[in-house]
Amino acid sequence: MSRYDAIIAGGGHNGLVTACYLAKAGLKTLVVEKNDWVGGAAVSRSLYPGFTYSNCSYVSSLLRPEIMRELELPKHGLQIIPYEGGAVFTQDGGYLAMYRDHDANRREFARYSQRDAENYDRYSRDVLRHCRFIRPLLLRTPPDPTSFRPRDLSELAYIGKKLFDMPEEDIYAMIRFWTMSISDFLDEYFETPVIKAYLAVSSIIGTALGPMSPGSAYVLLHHYMGDVDGNIGAWGYARGGMGSISKALMASFVAAGGEVRTGSGVAEILISNGRATGVALANGDTFEAPMVISNMDVKRTFLKHVDEKHLPPDFVKSVKRFKIRGSSGKVNIALDGLPTFPALPPDSPCIRGDLHFTDSIERLEHAYDDWKAGRYSRDPFLDMMIPTTTDPTMTPPGKHFMSCFVQYAPPKIEGRDWTDADRDAFGQTVLNQIEQYAPGFKNLVLHAEVRTPRELEAEVGLTEGNIFQGELTFDQLLFNRPVPGYAQYRSPIDGLWMCGSSTHPGGGVMGAPGRNAAAEILRSLKKPAIMGDAYAVL
Amino acid sequence: MPSFDAIVIGAGINGLAAAGRLAMAGARVTVLESAPAAGGMANLAHLSTGIDHRIEKALDLASHGLEWAEPNVASTALSASGNHLTLKGAFGESIEGTLSAADKAAWTALRRDLLGNAAALAPFKEMTPPRLARDHGANIWDLVRNGLALRRMGRDRLREFMRLMLINVHDVLEDELGDDRLKGLLAFDTVLGHHAGPRSPNSLLGLYHRISSRVQGRQAALALPRGGMTSVIAAMQKALSTRGVTLRFNAQVNTIRVDDDRVQSVTLANGDTLTADVVVSALHPATTLMTLVGAPQFDTGVVRRVQNIRSRGTTSRLTLKLKSMPDFRGANLRTRLVIAPSSRAVEEAFNAVKYGAFSPAPVMEIVIPGAFMPEADSDGPTLSALVQYAPVDLRMGWARGRGAFLKVIMEQLEAHAPGLGALVTSADLVTPADVAMRYGAPGGQWHHAELSVEQMLFLRPAIGMAQYSTPVRGLYLASAATHPGGGVAGSAGWNAAGQAIAGGGAA
Amino acid sequence: MKDSKLHFRTPLITTPFHARTSAANKLNAWAPWAGYTTALSYSDETMEYTALRNQAGLYDLSPMVKYAITGPDALRFLNRLTLRDVSKLQPGNVHYTAWCDDAGKLIDDGTLFHLAPGRYRLCCQERHLPWLLDSAIGFDVSIEDESEKVAALSLQGPCSFAILARAGLEAAQGLKPFQLMDFAFDGGMLTISRTGFTADLGYELWTTPQAALSLWDHLMVKGADHGLRPIGTTALNMTRIEAGFMIANMDFVSATTALRPDRLRSPFDMGLEWMIDFNKGHFNGRAALKREKESGSTKWAFVGLDIEGNVEAEHALIYDNRKTEVGHITASLWSPTVKRNIALAMLRRPYHAERSGNLWVEIYALRELEYHKLMVKAQVVPRQFFNPPRRRANPPGLY
């Protein structure tokens, strides 16, 4: 039995981020991970000979630059390459493209509506204004509005001041934006269905909401507030797949003296006299530490790995109520060659971006209706990318890896578990949709991995296959995340902390929960802060 | 040219409430109504969730004839198999019918929490929404005071209160209750009158809005006025006339004339012009500002905001004349009958309206006034139903859709009351499109503007107009589209008149 | 071009004069302007500037955004949209105007042409179609972006009329400043207005894309003796600074694109209050502007600065008493014509007037890879640094 200062239960990217900071602060830190590899949902897997799959998360933007700098991730090998726009294919054989170049993009939108093309600038400006408010909040612990502790009061005052520093009308506009549906919001700027469809998808990816659900506009913000090398809102590929992020984090952790054990997960978080004392692994190993930080989601942590007798009943009730319904799946495909989309000009840069087939908000909403009824979408939304058009290191020459994020897929099919047959049929639905726009595509498929919420839960450990470790609705955001009263990375048990995406500010390979948790832990240990201030928004 | 201190446009409940308050402040008030009688959209309602207590008291409606045939109507969650569940007393104080002990206990706890949360929100309905600006701090204190008052509920309750603020009712019901009938009924009550399904985020606020009201001091009660909802209006009319308010019917306002950003006069369809320093319009803000005043008088940003007020009506009213009393498989007809088999059924009914169609299996509440007031049924019983969902802009067109929608409603009724179809002597269906047409309410929305979070409090009806004032000095909005929304309560009109008297608004 | 999907190949499009401008652009110095490729300079900035002030220059104005505004309510609409009283703008005349959002903050400025009774053209720097369309709600008016349908040249400089006269367009003699006239040209229509961006004698010529090249060729041939040459944006910008003219998103940020709320500027800030007609009825921003006027809450002043020495003060900060930051420079130039170090600047009030006596400009002057930090004295002066009588002379001079 070995003793540590801190044990991180689960080696996902947030766990690794927390681990890195604790190790850098001089704590003897251990990461335990049930899989034989680390990374959680930020992984590069070899599932077909010669091919590297980003088989869970597939693009990066939200990873905080502060973390990249402080943990020296570029030095540890991380490269992120912005991708070039994207396109939505329309059912009439056309498409709408998104270009990085402002004028090219305006002219593209103007093919549909000149008014929309020009309003896009106003729309971007307005959304950016909301991002400017929220970005500084990502790397701060949410204050408890029911508390009178000085730190809570001062954090509340900070937010209040930021709010009241805005012009009056902007405050209203922001509150309005936060609470409305993306469909209604887009209606205020655009008249073209396909433009609205393209812009709406950021508001539903990973969530159990439809584009017509109020609150979905906030989720859009959640996807827009990232950046790639300072380009706000831009997304990029991690060279070598998303596992490169975990690999760099791991290297940073090891360089700081941290220790990692893979291959056996936490069976139980050990607690005695109301204090966490260590972990017992599934293989029987036990490790002691006065601090255990769980990277697992709040449900998994407290309902599966902590004996209920240690927990207050109200807390257990709150955790049981936590909404973590999965809504998405993934189809990862090894291709014998680059598929051809006849609608796209041969030299279009869009092939290197994200490609969609859902050309109206109504189709997106219909897909959501299926999810509500406990079915996977018959006409699903696909966010399809071919990262190997930018990053040839992932496949043999001439071959390609295609990542299809698919929505919606429920955690259970009409109340029962997914079967292999369901999964295969779901996969076929996706392949068929692509084939419609890229005839001959299916003949290129060498291998396809179909992942439903069931597989995401089984392998990655995400309860109900929810990629954000919990839905992003207001009852579960900020001081309500994951549950009221426990939004500051602490749990009812001394020494047991949370650092996963179940905590503020939520998921998306952002690393912010991991960093915030580390900051709280170091503060509680009265250790000097080793993280700098978050970058200011000028 | 006749001249008044204040002109009120629209003799619905909010217009009348505004006129009453203005008159009590000593103003010479005239109310202009395009229809031949007062009431406006109140005529569509068949039960009351309560008149704003300030109005009831100040105008002494009881002495002007307001009387309740039943001040505390029970609700029956109808089951197609006859296994009904009846919630008695205000918001189900007790439940009659087969219900598991666990659900009974869970309901008692949930009911207490929901009523508590709603009661905590009630004071917000009476305040004029504050402006969130440093230089308008005085106004914010109302908000802060009401906010701080919430702390009195204790930390754990407050945390729960905040969690249950912006949440959808479906998840709450799934978390707490097991019985589909009960969940269906609560889901229905939450979304009645709204463009939302039970799963729409923030939908629980719709329920809070409803159950924060009081009838005779009893929170969340439903009441049937003797003589129907028109008698509420009649009582208010009487109260107004004793205070010298004149009402002009068949007086359609065509234009509100504005000069130098100040209201000057109103001109009627017959050419009459009436002048006043204050004009309070209880019509939909889009009608008031864009049609009566005209977009050219407003800045473009204001025009955009008014155009962006969402007003999607979803509720229809069906009135059936029957040969004899129907039988809903033994349900007590002296209750409100609700067809909403489950929360999921309500959500599925909502799905259709998102795509411009009516629900293939609509949900509804039914009131048979004759069961409460036999005198009302001189020519056979009347069945009145509020039915959801149908859109104002039905994609197939209402000319073709009316019959089809009526058919699915009748099928739903027949399933719960076999033989009902044969009893029908006449049917009158008022769709959201009819509401829009008949009451000049764009969208046919019962709250004029949808009562959704992004159109609440200081966002209602639109940014910059939440204090009932408009960019035109002297012109005030008193429609249900203003805070705190509709529901035949008169609060919006009462609050608006308060602002008009204080002379607040556009500088 | 309209329905092409191939925008990614040519993010910037070319103007109707491109065949000539590209041939003349010996430096291959291009810059984007409103989605077009435009010449920064053709061969020699100094010679181009010199031509503008002493001979004449020809500038491709086509990227200017142009809206055709017609219909029974065109006048009422424009009165609601813009600050000035359009009813005073007679057919055949042009006026300089600006428009604001609800808060009375500037969206853009531009020139409004009353081409024929009820037919207007609004020319400006930025695109505003959504704002124009939404402002037109409640009016019987048609608004069309005709930017690509109109080819435009600016013929500026003391010899500009002489060249027109030689080109067979001597009837332009009758044009007083801010007047316009139609001519037949090359089987089509040519409109000439006595307008410009240089504070000198000058004309702007508006025609169809089809006639563009022949107009260019005709003017270049007829103007050769007067030293007419193509002018790039760099030289034109020098003359516009001397003229004291402002440009949206260079001297102020348009209210429709400003991200930071404190960047917005009102007409009072920009010295455009003379345009505002509060008596013409409602117009966008009226209430806010009235409040600003009555409360005197104007924060900024757009001024001209005469700076000591001859080192350009580009993007410099301005201090009161060498220490309190009170403003910044938006455009600067060592003016070859007036031989002064001039700048356009935003100053916080009251440093533009009563407290303008102790202003200092912090200049970082790059000389052979090293910065010299200078703190030099500056004085507020009228923005029109150069304003010769020949600009307004009637009839125009034959230089």
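Residues numbered from 1 in each chain as written. Chains lettered and ligands numbered in written order. Predicted model: local features only at pLDDT ≥ 70, side-chain atom pairs only at ≥ 80, totals over all residues. Heavy atoms only, no water.

Draft legend 1. Just the overall build of chain B, in detail. A tally of helices and strands in chain B yields 17 helices and 19 strands. Taken over the C-alpha trace, chain B has a radius of gyration of 22 Å; the compact-globule value for 507 residues is 23 Å, and the two agree within 12%. Viewed in the frame of its principal axes, chain B has a C-alpha envelope of about 65 × 55 × 45 Å. For chain B, with 507 residues in total, the buried portion stands at 65%. Within chain B, residue pairs in contact and separated by at least 24 positions form 73% of the contacts whose partners lie at least 6 positions apart. Of the roughly 17100 Å² of accessible surface on chain B, a fraction of 53% belongs to carbon and sulfur atoms. A distance of 3 Å separates the average location of the 49 positive side-chain charges in chain B from that of its 43 negative side-chain charges. (Helix = DSSP H or I, 4+ residues; strand = E, 2+ residues; numbered from the N terminus. Rg over C-alpha atoms; globule rule 2.2 N^0.38 Å. Buried < 20%, exposed > 50% of the residue type's maximum accessible area, 1.4 Å probe, protein only. Contact = heavy atoms within 4.5 Å. Areas by Shrake-Rupley, 256 points an atom, 1.4 Å probe, with all protein chains shown as cover. Lys, Arg positive; Asp, Glu negative; His and termini not counted. Charge placed at Lys NZ, Arg CZ, Asp CG, Glu CD.)

Draft legend 2. Structural detail: the environment of threonine 128 of chain B. Residues and elements named next belong to chain B. Structurally, threonine 128 can be placed in the loop between α3 (101-126) and α4 (137-150). The sequence separation of threonine 128 and glutamate 414 amounts to 286 residues, and the corresponding C-alpha distance is 46 Å. Within polar-contact distance, the side chain of threonine 128 engages the side chain of glutamine 499 at 3.5 Å. (Polar contact = N/O pair within 3.5 Å; in protein donor to acceptor, adjacent residues only side chain to side chain.)

Draft legend 3. Spatial organisation of the state of the cysteines. Under the definition given, this model contains 0 disulfides over all chains. Cysteine 499 of chain A carries a free sulfur, and the closest cysteine sulfur to it, the one in cysteine 20 of chain A, is 11 Å from it. (Disulfide = S-S within 2.5 Å.)

Draft legend 4. Geometry of the sheet that holds strand β2 (residues 6-9) of chain A. Residues and elements named next belong to chain A. Overall, parallel pairing links the 5 strands, which are arranged β12-β3-β2-β16-β22 in an open sheet. A strand with exactly one partner marks an edge of an open sheet, and here the two such strands are β12 (259-262) and β22 (496-498). In this sheet, adjacent strand axes meet at a mean angle of 20 degrees when their direction is disregarded. In this structure, β2 lies alongside strand β3 (residues 29-33), joined through 4 bridges in parallel fashion. Note that in β3 the partner of isoleucine 7 across the bridge is leucine 30. (Pairing = 2+ DSSP bridges. Axes fitted to C-alpha atoms, helices over the stretch in contact; angles between N-to-C directions.)

Draft legend 5. Quick peek at the interface of chain A and chain B. Taken together, the 41 residues of chain A in the interface contact 40 residues of chain B. Summed over both partners, the interface of chain A with chain B buries about 4000 Å², with 50% contributed by carbon and sulfur atoms. Counting the contacts that link chain A with chain B gives 15 salt bridges. Linking lysine 354 of chain B and glutamate 365 of chain A is a salt bridge whose minimum nitrogen-to-oxygen distance equals 2.5 Å. For the pair chain A and chain B, the interface holds 24 residue pairs in polar contact (both at pLDDT 80 or more). Contributing elements (two or more residues each) for the side of chain A that touches chain B: α5 (150-164), α6 (168-179), α12 (313-321) and α13 (361-372) of chain A. In terms of residue count, α6 of chain A provides more of the side of chain A that touches chain B than any other element does, 8 residues in total. (Buried area = accessible area lost by both parts, 1.4 Å probe. Salt bridge = Lys/Arg side-chain N within 4 Å of Asp/Glu carboxyl O.)

Draft legend 6. Region of the structure containing the domain arrangement of chain C. When its domains are assigned, chain C resolves into domain 1 (9-62 + 150-231) and domain 2 (299-384). With centres defined by C-alpha atoms, the gap from domain 1 of chain C to domain 2 of chain C works out at 33 Å. (Domains from an automatic or database assignment.)

Draft legend 7. Focus on α6 of chain A. Helix length check: α6 of chain A (12 residues) gives 17 Å between terminal C-alpha atoms against 16 Å at 1.5 Å per residue, within 8%. Looking at the buried side of α6 of chain A, the elements it contacts are α4 (114-138), α5, α7 (182-187) and α9 (216-224) of chain A. (Expected span 1.5 Å × (residues − 1).)

Draft legend 8. Representation of the pattern of salt bridges within the structure. Residue and element names in this part refer to chain B. Under the definition given, this model contains 91 salt bridges over all chains. When the shortest N-O distance is used, the salt bridge between aspartate 113 and arginine 157 registers 4.0 Å. A residue pair is termed long-range when its members are at least 10 positions apart, and aspartate 113 in helix α3 and arginine 157 in helix α5 (residues 155-163) qualify at 44 residues. Across the pair arginine 312 and glutamate 450 runs a salt bridge, and its minimum N-O distance is 2.7 Å. Placement of arginine 312 in the loop between α11 (300-307) and β14 (315-322) and of glutamate 450 in the loop between α16 (432-439) and β19 (475-477) is noted, with a sequence separation of 138 residues between them. Arginine 312 gets classed as partly exposed once you look at its relative accessible area, which sits at 27%. Residue glutamate 450 is classed as buried on the basis of its relative accessible area of 4%.

Draft legend 9. Region of the structure containing the nonpolar core. By size, the foremost hydrophobic cluster in this structure holds 130 residues, and its most contacted members are Tyr123 and Leu199 of chain A. What tyrosine 123 of chain A contacts, discounting residues up to four positions off in sequence, is Phe185, Leu186, Tyr189, Phe190, Leu199, Leu220 and Tyr224 of chain A. (Core = buried A, V, L, I, M, F, W, Y, C linked by side-chain atoms within 4.5 Å.)

Draft legend 10. Spatial organisation of the pairing of strand β18 (residues 359-367) of chain C. All names here are of chain C. For strand β15 (residues 317-320) and β18, the ladder comprises 4 bridges, and the chain directions are antiparallel. Each bridged residue has a counterpart across the sheet, and for leucine 317 the counterpart in β18 is glutamate 362. Sheet topology places β18 next to strand β19 (residues 370-381); 9 bridges connect them, and they run antiparallel. By the bridge assignment, tryptophan 360 is partnered in β19 with lysine 377. Linking β18 back to β19 in an antiparallel pair, the connection comprises 2 residues, with glutamate 368 at a positive phi of about 50 degrees.

Draft legend 11. Seen up close, the packing of aromatic side chains. Residues and elements named next belong to chain A. In total, this model carries 44 aromatic pairs over all chains according to the counting rule given. Ring centres of phenylalanine 109 and tyrosine 120 lie 5.0 Å apart, and the angle between their planes is 55 degrees; on these two criteria the pair is classed as tilted. Of the two residues, phenylalanine 109 is situated in helix α3 (residues 102-110) and tyrosine 120 in helix α4; the sequence distance between them amounts to 11 residues. Each member of the pair phenylalanine 109 and tyrosine 120 is classed as buried. Grouping aromatic residues by their ring pairs yields a cluster made of Phe109, Tyr120, Tyr123, Phe177, Phe185, Tyr189 and Phe190. Between the NZ or CZ atom of lysine 28 and the centre of the ring of tyrosine 4, over which it lies, the distance is 4.6 Å. (Phe/Tyr/Trp six-rings, centres within 6.5 Å; stacked < 30°, edge-to-face > 60°. Lys NZ or Arg CZ within 6 Å of the ring centre and 35° of its normal.)

Draft legend 12. Main features of the side chain of threonine 76 of chain B. Residues and elements named next belong to chain B. Structurally, threonine 76 is set in strand β4 (residues 75-77). Given the relative accessible area of 1%, threonine 76 is considered buried. Those residues in contact with threonine 76, other than ones at most four positions away along the chain, are His84, Leu85, Thr86, Ala331, Asn332, Thr335, Arg336, Leu337 and Val338.

Draft legend 13. Geometry of the interface of chain A and chain C. Listed by partner, the interface residues are 25 residues for chain A and 30 residues for chain C. Across the chain A/chain C interface, buried area totals approximately 2400 Å², and carbon plus sulfur atoms make up 52% of it. On the chain A side of the interface with chain C, the three residues burying the most area are Arg107, Arg115 and Glu118 of chain A, jointly 27% of the side's total. Counting across the chain A and chain C interface gives 2 salt bridges. A salt bridge links aspartate 134 of chain C to arginine 115 of chain A; the nearest nitrogen and oxygen atoms lie 2.3 Å apart. Our count for the chain A to chain C interface comes out at 15 residue pairs in polar contact (both at pLDDT 80 or more). Residue assignment for the side of chain A that touches chain C shows that the elements contributing at least two residues are α3 and α4 of chain A. Of the residues forming the side of chain A that touches chain C, the biggest block, 8 residues, is contributed by α4 of chain A. The residue inventory of the side of chain A that touches chain C, partitioned by class, reads 8 nonpolar, 4 polar and 13 charged. (Nonpolar A, V, L, I, M, F, W, Y, C, P; charged D, E, K, R; others polar.)

Draft legend 14. Layout of the sheet that holds strand β6 (residues 106-116) of chain C. Residues and elements named next belong to chain C. Spatially, β5-β6-β7-β4-β8 is the arrangement adopted by the 5 strands of the open sheet, whose pairing is antiparallel. Edge positions in the sheet fall to β5 (93-100) and β8 (142-145), since each has one partner strand and no second. Averaged over neighbouring strand pairs, the angle between their axes works out to 25 degrees when direction is ignored. Note: β5 against β6, 8 bridges, orientation antiparallel. Each bridged residue has a counterpart across the sheet, and for threonine 97 the counterpart in β6 is glycine 110.

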